[in-house]
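Spelled out from the first residue to the last, the chains are:
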Amino acid sequence: MSKPSYDWLNKLPKIELHLHLEGTLEPELMFELAQRNGISLSYKSVEEVKAAYQFNNLQDFLDIYYQGAQVLKFEEDFYDLTWAYLNKCHEQNVIHIEPFFDPQTHTSRGIPFATMISGISRAFDDGEKEFGISYRLVMCFLRHLSEDEAIETLELAKPFLANIDGVGLDSSELNNPPEKFTEVFSQAQKMGLKLVAHAGEEGPAGYIWSALDNLNVQRIDHGIRALDDPELVVRLIETKIPLTVCPLSNVKLRVFDNMSQHTILMMLDLGLCVCVNSDDPSYFGGYITENFNALVDSLSLSKEQAIRLVENSISSSFVSEDRKFTMLKLLNDYKDS
Ligand code: ADE
Ligand code: ZN
């Protein structure tokens, strides 16, 4: 059982800008969907699945994560996955989300684009109606695959652009630099989509430069390796490029040995636009509140710092100025309470 969270953190209005929907698949739901869809898992029990979640690096995790996603087959499965996440958001006072999904993980198994999008979007609509949680959806290209495959995926997405707000880049970072995807990002930009990319998670600071210069991204996912390059830090501060940092993920994937070594608060103090996110909460031991909690426990995160981190999430989000204003007001009410 995870330890109870701090009351002031439970009440803090929160925003999630770096979250893979497939990474919210809890082992219990994995088993339920496997049974419903007649899929046999290589694990015998929920406990066995949880015990397997020990990773030495990003690739270790991805191997297990792609296996887990195989249980998602029908519209209802994508709905149930997304709905379970939205319930968690409601429980944790998350007011706005911008999740990723990985279409290629599913199209490669013959799952139609419409199946994924309609399940996810229906859950988002219900979440907005029932809980008031606003959303944007970002589809990621898998960077271990070719750029041609990414371009095919963008083509497949065309009929569904009313439900897709941006594109991102994820999966195995090392040896798959951003510039491999220059053309597909340029096409996505021309289609009016927002642009983000994972960079500087395991890969070097040079990948962050490349994501900015070759892909024209508006946000960097992770970006923690930026601190290796003082010139890059200056650029990120001056251009206010957001870095969507994921503390528990970084420790679980051994980017840092432990949470007390995490550099997020150093980055905040330097004036970088960092925010807190959960990445793949089912695999990394916690959702957004647990991420904030870990920062309090290991880095003595203060209420004032937590508020600054949420302010960064609000300014970095892809919502309208009106919605940003409403979210800032909620945060100000919280500050004064
Ligand atoms: N896909 C899901 N989580 C990821 C991460 N942390 N880095 C790269 N790709 C991912
Ligand atoms: Zn991620």
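Conventions we followed
- Residues numbered from 1 in each chain as written.
- Chains lettered and ligands numbered in written order.
- Predicted model: local features only at pLDDT ≥ 70, side-chain atom pairs only at ≥ 80, totals over all residues.
- Heavy atoms only, no water.
- Donors = N, O, S within 2.8 Å, 3.2 Å for Na, K, Ca; no water.
- Tetrahedral: all angles 85-135°; square planar, octahedral: opposite > 155°, others 65-115°.
- Buried < 20%, exposed > 50% of the residue type's maximum accessible area, 1.4 Å probe, protein only.
- Pairing = 2+ DSSP bridges.
- Helix = DSSP H or I, 4+ residues; strand = E, 2+ residues; numbered from the N terminus.
- Right-handed = clockwise from strand over helix to strand, strands pointing away.
- Near = heavy atom within 4 Å.
- Polar contact = N/O pair within 3.5 Å; in protein donor to acceptor, adjacent residues only side chain to side chain.
- Areas by Shrake-Rupley, 256 points an atom, 1.4 Å probe, with all protein chains shown as cover.
- Nonpolar A, V, L, I, M, F, W, Y, C, P; charged D, E, K, R; others polar.
- Axes fitted to C-alpha atoms, helices over the stretch in contact; angles between N-to-C directions.
- Parallel < 35°, antiparallel > 145°, perpendicular 65-115°, else oblique.
- Left-handed = near helix turned anticlockwise from the far one by under 90°.
- Contact = heavy atoms within 4.5 Å.
- Salt bridge = Lys/Arg side-chain N within 4 Å of Asp/Glu carboxyl O.

Engineer: Give me the coordination of the zinc ion (ligand 2): which residues, what numbers.
Structural biologist: All of the protein donors around the zinc ion (ligand 2) are His18 (NE2), His20 (NE2), His198 (NE2) and Asp279 (OD); their distances to the metal are 2.1 to 2.2 Å. Geometry at the zinc ion (ligand 2) is irregular, judged from its four donor atoms and the angles of 84 to 174 degrees they form at the metal. Look at His198 and you get buried, because its relative accessible area is 5%.

Engineer: If you had to explain the sheet that holds strand 1 (residues 14–16) to someone new, which residues and values would you point to?
Structural biologist: One open sheet accounts for three strands, arranged 1-2-4; its pairing is parallel. Each edge of the sheet is formed by a strand with only one pairing partner; in this case those strands are strand 1 and strand 4 (134–135). Judged from the two bridges that link them, strand 2 (residues 94–97) and strand 4 form a sheet pairing that is parallel. Among the inter-strand pairings, Ile97 is bridged to a residue of strand 4, identified as Tyr135.

Engineer: Outline the pairing of strand 7 (residues 194–199), supporting the account with residue identities and numerical values.
Structural biologist: On a regular strand, one side chain projects to one face of the sheet and the next to the other, so that they alternate. Across the six residues that make up strand 7, a large majority, five, are buried. With two bridges joining them, strand 6 (residues 166–170) and strand 7 adopt parallel strand pairing. Residue Val167 lies in a different strand from strand 7, and its bridge partner there is Leu195. Crossover connection from strand 6 via helix 9 (residues 182–190) to parallel strand 7: handedness right-handed.

Engineer: For the site of ligand 1, give the residues involved together with the corresponding values.
Structural biologist: As a structural note, the neighbourhood of ligand 1 is formed by His20, Leu58, Phe61, Leu62, Tyr65, Asp170, Ser171, His198, Glu201, His222, Asp279 and Asp280. In this structure, Ser171 approaches ligand 1 through a main-chain N or O atom, which is 2.8 Å from a nitrogen atom. Contact between ligand 1 and His222: a nitrogen atom at 3.5 Å from a side-chain N or O atom of the residue. Protein chains bury 100% of the 260 Å² of accessible surface belonging to ligand 1 in isolation. The element contributing the most residues to the shell around ligand 1 is helix 4 (residues 58–68), with four residues. Partitioned by chemical class, the residues of the shell around ligand 1 number four nonpolar, four polar and four charged.

Engineer: How would you summarise the packing of helix 5 (residues 75–91) against helix 7 (residues 113–131) if you had to cite specific residues and measurements?
Structural biologist: At their nearest, the axes of helix 5 and helix 7 sit 7 Å apart, and the two run at 30 degrees to each other. One finds that helix 5 runs roughly parallel with respect to helix 7. Here helix 5 runs over helix 7; the crossing is right-handed. Of the residues in helix 7, those in contact with Glu75, Glu76, Phe78, Tyr79, Thr82, Trp83, Leu86, Asn87 and His90 of helix 5 are Thr115, Met116, Ser118, Gly119, Ile120, Arg122, Ala123, Phe124, Asp126, Gly127, Glu130 and Phe131. Of the residues contributing to the contact of helix 5 with helix 7, the split by class is nine nonpolar, seven polar and five charged.

Engineer: How would you summarise the pattern of salt bridges if you had to cite specific residues and measurements?
Structural biologist: In total, this model carries 17 salt bridges according to the counting rule given. Here Asp77 ties to Arg36 by a salt bridge, and the two come within 2.7 Å at their closest N and O atoms. With Asp77 in helix 5 and Arg36 in helix 2 (residues 27–36), this residue pair connects regions lying 41 residues apart in the sequence. Its salt-bridge partner being Asp126, residue Lys129 comes within 3.8 Å of it at the nearest N-O pair. Within this pair, Lys129 and its partner Asp126 are both found in helix 7, separated by three residues, close to a single helical turn. Through salt bridges with shared partners, a single ionic network connects Arg36, Asp77 and Asp80.

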